[in-house]
Amino acid sequence: MGTAVERTDEHVREYLIYRGFTNTLKHLDNDIKADKEKGFRVDKIIDQLQQFVQSFDLAGLKEYWLYLDKRLFSRLEDVYRSTVNKLRISLYRYYIINTVQVSPRNLEKTQEFFQKQASELQGQAEWRDWFILPFISSPEQNPAFCQYFSRQWSDTFLVSLHNFLSVLFQCMHILDFDAEVQKMTCLVEENEQLRQLLFALQTESRDQRDRDEMIHHKLPTYVQNMDRLGDTELDLVTSQRAVSTATTPTRNFFSTFLPQGRRTPGKPLQAISGSSPSQAAMGRKDPPSNQICNKSDALSLTLPVEVKVSYVQTVLRVFNLHFELVFSVVYARRQEFFVLVSPFMCYLQTPEKKGELGEVEPPTESSSEPTDSSNSRSCGAGQEEPPFIKLSQEEYGEHHSSIMHCRVDCSGRRVASLDVDGVIKVWSFNPIMQTKATIMSKSPLMSLEWATKPDRLLLLGSGVGTVRLYDTEAKKNLYEMNIDEAHPRILSLACSPSGSSFVCSAAAHSRSGSGESAPRLPITVSGQLLLWDTKTVKQQLQFSLEPEPVAINCTAFNHNGNLLVTGAADGVIRLFDMQRYESAMSWRAHDGEVYSVEFSYDENTVFSIGEDGKFIQWNIHRCGVKQSEQILPQDATGPFVLSGYSGYKQVQVPRGRLFTFDSEGQHVLTCSSSGGLIYRLASGESALERVLSLGGHKAPVVTVDWCSAVDCGTCLTASMDGKIKLSTLLAQKS
């Protein structure tokens, strides 16, 4: 019952916040605080009764019990009236025993009870012997009263009262959400099963339709009986054999797609016994698989040039149909798909599309230099498969200045991006890329963060000491909170996983450091770390920052919100216990500022990137102990530099997230000068192993985010030219 009431209160609060009824929300909070039924929470009702007993407030005790009797007990059947009467008598005796135990020599409260209750109790047989209690010197030793002074009797009474109220609230069925929740859960599961069945039927129907289209495709007569890119054709392409006549060397038709340097000299044509060249060209007789190469070579020799071109175009059209068919069922047969397509992907890419599988062209015959590991895996049939395949890359280009923050919400449906001009775009990418809202701010904005519950709300931190709560669906501001005029720059925002509160980092205006010739030291900028309540929109507390108040650049919660890690301008990482609201540990992590911090997947370690260009993994169970350390290039850690014509140079200090992990915590996405880089996390000295370059950018990438769902993940990389690349990855399960 108590859970249902709390849930209803939360729904009412969300509705009032959504409608902007702030005054009604304040009255609701005040009424909830003054609620005598305590939200039907039995433990709180028991605590209230004990508080009246311990403070000797007899009038309050009688009034509260009378309220419960009129509100709850009077609605019970007559058979339960005796139980209610026994509990009331025991409650009064519990009060009397407490007055005697607290002041055994001063029995004023005991005598006061009998004086006020004499008219009510003197006619009741249960109280006949209790009127002599104030006149007994040691009532705890009297056989008639000794049992009431024992701890066992008081505990038994409180447990009995607790159980009675619990059963009463469970039988009321005022707000019975459990049955509805169970019903909705069953409906959701049934809907999911039906959706999967529908998807399977649609896939089967599409496959059948594609097969029918392939069967009835109007191919020329000389290729109607040939395999549609079956195993024999794949063997033909893989072998890349070429034939030559006795006088002039020729090549098979697939060699026409290769660059001049990749073409191999032909071999003499071997005669095909039992078949004429015309039969081989017409394809009326299916030869063995080991003779398919010779048949195609004969075709290239006997047919005219325009016929061969038409033949090649037709086969490529069939190949495209086959490729789309395989791609549609890539989740079920991605391993077979990779083996089928990977030998030819290096040669079928156009110059514009090169890099989608690895950023580097396949090696030529004259080149023996080693390529990137991701490319060698993607083009090598016998080597280890890459952990990800880049399926597509789209661009969001609605911003006209450098991006500061780019974050996807918890549900993976919306993205919020902020540029240096203070323009915020809220957009979706599934099923199509579409802008949902545009937020223009008169004051400069410095930080943003999605709220966790509900996920449609967006926290916006400004440079004038305010934080706004924005509803992306209603497209309006719900609240604007004034933080601190002395610390106007809101550098970082982090919402707790429960959604009940958020952490705000406020800093004073930055001070210029020493000259470039002097050694770089952390510049101490005054700052505050505050905890705000999302529902009441009030500040709960201010965290203590030791040894001195300093600007906090980055913050991150763990999965349940019990821990908070921060990185500061003094190079110190601080770990806070959010149950006690105090610092659990802190250590000097970097030479210079800490730009970005995140918990690892198992939350036993913390990763950080600092101004010194280091990517370090820290053990949170052993303060200040490194588990791994890696030096990253400057284009991954900042400050980021964009150069142009006539000496133009733009420098941007890191503000957004510099690295992020996949759903399993085994790979990390970082920034680079031309796109995101994905590394595999490894143990030992070499903590990072590069596996894939996303590419696609012409300006330095300044912030990244990774939204993972099952096998497909979406990587967001935002650069200084205002472009945001959305790369869809397919995870290869080993």
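Procedures and definitions
Residues numbered from 1 in each chain as written. Predicted model: local features only at pLDDT ≥ 70, side-chain atom pairs only at ≥ 80, totals over all residues. Heavy atoms only, no water. UniProt positions renumbered as here; feature names shortened; annotations may be inferred. Core = buried A, V, L, I, M, F, W, Y, C linked by side-chain atoms within 4.5 Å. Buried < 20%, exposed > 50% of the residue type's maximum accessible area, 1.4 Å probe, protein only. Helix = DSSP H or I, 4+ residues; strand = E, 2+ residues; numbered from the N terminus. Contact = heavy atoms within 4.5 Å. 1 Å grid on protein atoms, 1.4 Å probe; cavity = no way out; pocket = protein on both sides within 12 Å on 5 of 7 lines; lining within 4 Å. Points joined across faces, edges and corners; volume = space filled by probe spheres on them. Nonpolar A, V, L, I, M, F, W, Y, C, P; charged D, E, K, R; others polar. Pairing = 2+ DSSP bridges. Phe/Tyr/Trp six-rings, centres within 6.5 Å; stacked < 30°, edge-to-face > 60°. Axes fitted to C-alpha atoms, helices over the stretch in contact; angles between N-to-C directions. Salt bridge = Lys/Arg side-chain N within 4 Å of Asp/Glu carboxyl O.

Named according to an unreviewed UniProt entry, the chain is WD repeat-containing protein 91 originating from Oreochromis niloticus. Under the UniProt heading Sequence similarities (unreviewed entry), the entry covering the chain gives this text: "Belongs to the WD repeat WDR91 family."

Here we take up the nonpolar core. By size, the foremost hydrophobic cluster in this structure holds 44 residues, and its most contacted members are Phe73, Phe113, Trp127, Trp130, Leu161, Leu165 and Phe169. Residue assignment for this core shows that the elements contributing at least two residues are helix H3 (42-54), helix H4 (58-71), helix H5 (81-102), helix H6 (108-121) and helix H7 (151-170). The greatest single-element share of this core, amounting to ten residues, is contributed by H5. Residues contacting tryptophan 130, with those up to four places away along its chain left out, are Arg93, Ile96, Ile97, Phe114, Phe145 and Tyr148.

So, about the layout of surface pockets. Put simply, the largest pocket is a space of about 1,200 Å³. Of all elements in the fold, only strand E4 (403-408), strand E8 (445-450), strand E12 (489-495), strand E16 (552-557), strand E20 (594-599), strand E26 (659-661) and strand E30 (701-709) reach the threshold of two or more residues within the lining of the largest pocket. When grouped by side-chain class, the residues that make up the lining of the largest pocket number 19 nonpolar, 16 polar and nine charged.

Further remarks concern the pairing of strand E11 (residues 476-482). Bridge analysis of strand E10 (residues 466-471) against E11 gives six bridges, and the strand direction is antiparallel. Across the sheet, valine 467 pairs through a bridge with methionine 481, a residue of E11. The turn linking E10 back onto E11 is made up of four residues, and lysine 475 within it adopts a positive phi angle of 60°.

Next up on the list: the packing of aromatic side chains. Applying the stated criterion across every chain yields a total of 23 aromatic pairs. Between tryptophan 130 and tyrosine 148 the ring centres are 4.9 Å apart and the planes differ by 65°, which places this aromatic pair in the edge-to-face class. Within this pair, whereas tryptophan 130 is found in the loop between H6 and H7, its partner tyrosine 148 is found in the loop between H6 and H7, the two being separated by 18 residues in sequence. The exposure class of tryptophan 130 is buried, given its relative accessible area of 4%.

Strand order in this open sheet of four strands is E8-E9-E10-E11, and the pairing throughout is antiparallel. The open sheet has two free edges, formed respectively by E8 and E11, since each of these has just one partner strand. Direction aside, neighbouring strands of the sheet carry axes that sit 20° apart on average.

A few words now on the pattern of salt bridges. By the definition in use, this model includes 25 salt bridges. For arginine 195, the salt bridge identified is with glutamate 192, shortest N-O distance 2.8 Å. Here the residue arginine 195 and the residue glutamate 192 both occupy positions in helix H8 (residues 177-215), the gap between them amounting to three residues, near one helical turn. For arginine 195, a relative accessible area of 47% gives the class partly exposed. Across the pair glutamate 395 and lysine 723 runs a salt bridge, and its minimum N-O distance is 4.0 Å. On the criterion of sequence distance, the pair formed by glutamate 395 in strand E3 (residues 388-396) and lysine 723 in the loop between strand E31 (712-719) and strand E32 (724-731) is long-range, its members being 328 residues apart. Because the salt bridges share partners, they merge into one network encompassing Arg407, Glu449, Glu598, Arg657 and Asp705.

Turning our eyes to something else, we now look at the sheet that holds strand E29 (residues 688-693). With respect to topology, four strands assemble into an open sheet ordered E26-E27-E28-E29, the strand pairing being antiparallel. Two strands close off the open sheet at either side, each with one partner strand: E26 and E29. In this sheet, neighbouring strand axes are inclined to one another by 30° on average, regardless of whether the strands run parallel or antiparallel. Examined bridge by bridge, strand E27 (residues 667-670) and strand E28 (residues 677-681) share four bridges and lie antiparallel to one another. The residue bridging histidine 667 from the neighbouring strand is arginine 680, located in E28.

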